[in-house]
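Summary of structural features
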There are 2 protein chains.
Amino acid sequence: MVQEERNIAADVLKAMAHPIRLGVIEVLADGERTVTELYEELDCSQSMMSQQLKILCQQKLVSIRKDGTQKYCSLSNRDFLKLFDCMHLHLRKFLNFRD
Amino acid sequence: MVQEERNIAADVLKAMAHPIRLGVIEVLADGERTVTELYEELDCSQSMMSQQLKILCQQKLVSIRKDGTQKYCSLSNRDFLKLFDCMHLHLRKFLNFRD
DNA sequence: GATGAATATAAAAATATTATAATACCTATG
DNA sequence: CATAGGTATTATAATATTTTTATATTCATC
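This write-up is about the structure you can find in this document. (Residues numbered from 1 in each chain as written. Chains lettered and ligands numbered in written order. Predicted model: local features only at pLDDT ≥ 70, side-chain atom pairs only at ≥ 80, totals over all residues. Heavy atoms only, no water.)

1. Concerning the protein's contact with DNA strand D
Close contacts around DNA strand D come from 19 residues, with His18 and Lys66 of chain A together with Thr36, Gln46 and Lys71 of chain B the closest. Each atom of DNA strand D within 4 Å of the protein was classed as base or backbone; sugar and phosphate made up 55%. Residue Ser50 of chain B places a side-chain N or O atom 3.1 Å away from a phosphate oxygen belonging to DNA strand D. Residue assignment for the surface near DNA strand D shows that the elements contributing at least two residues are helix H4 (46-58) of chain A together with helix H3 (35-41), helix H4 (46-58) and strand S3 (70-75) of chain B. Sort the elements by how many residues they give to the surface near DNA strand D and H4 of chain B lands first, with five residues. (Near = heavy atom within 4 Å. Polar contact = N/O pair within 3.5 Å; in protein donor to acceptor, adjacent residues only side chain to side chain. Helix = DSSP H or I, 4+ residues; strand = E, 2+ residues; numbered from the N terminus.)

2. A closer look at the protein's contact with DNA strand C
The local shell around DNA strand C holds 19 residues, among which Thr36 and Gln46 of chain A together with His18, Ser47 and Lys66 of chain B are the closest. Taking the atoms of DNA strand C that fall within 4 Å of the protein, sugar and phosphate contribute 60% of them. The separation between a base nitrogen of DNA strand C and a polar side-chain atom of Ser47 of chain B is 2.8 Å. One nitrogen or oxygen atom from the side chain of Gln51 of chain B is found 3.0 Å from a base oxygen belonging to DNA strand C.

3. Here we look at the sheet that holds strand S2 (residues 62-67) of chain A
Residue and element names in this part refer to chain A. Across the sheet, three strands lie side by side as S1-S3-S2; this open sheet has antiparallel pairing. This sheet does not close on itself; its edge strands, each paired only once, are strand S1 (33-34) and S2. Pairing geometry for S1 and strand S3 (residues 70-75), over two bridges, is antiparallel. Note on S3: the bridge partner recorded for Arg33 is Cys73. (Pairing = 2+ DSSP bridges.)

As structure tokens, then:
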């Protein structure tokens, strides 16, 4: 990677590096959700969710389609789900996390 | 992942989400380096590198062995190198990045 | 066109991150 | 033991992120 790529890659990672945003990715791995479903499932405010979704969309991690008054969110790039496997192992193997 | 795991996972991702720290991981993928080699190769100050290495070590992404007056850095967990493949594709496929 | 449900935006305070500069801390060697 | 090379720490200013609260927008329905 060249400098410029690392800057952008860092922004993408930063977009994932937040408990709620990680939660959104995890939930959406299971399939499409509305904004309301997301903030209920992840137990945060509507405003919070809206702002976090914006960040995820900007990095093209999540995409949104509109249907009437609701918005349906889904993963743009399922490749990054691999990351959760790495992370799971890392938590157990390197940071002392119990199962 | 439960809440607590997402908090920690977010910290690990945050540790990667920085141009220099990404650079360190990339360079170390190729093999061990001293601190001096790292900051010369990545073109930043010694102090900057020392601080960034600390963050990487805290999350057990990098480990350091001492040899006399120098410190040798290496990757603790090569699993995360998969991330670079995903990222490379993501940059090209989703963010309009030329090759 | 008023209402209500779903979502977005703005503002602001609290906190965290980043980057730089200055200084301190080893440790090997003369 | 003074020095110099390699690395760490501290302090600080600038900037960015996080979270909450309040308000705005949009759209379907009555």
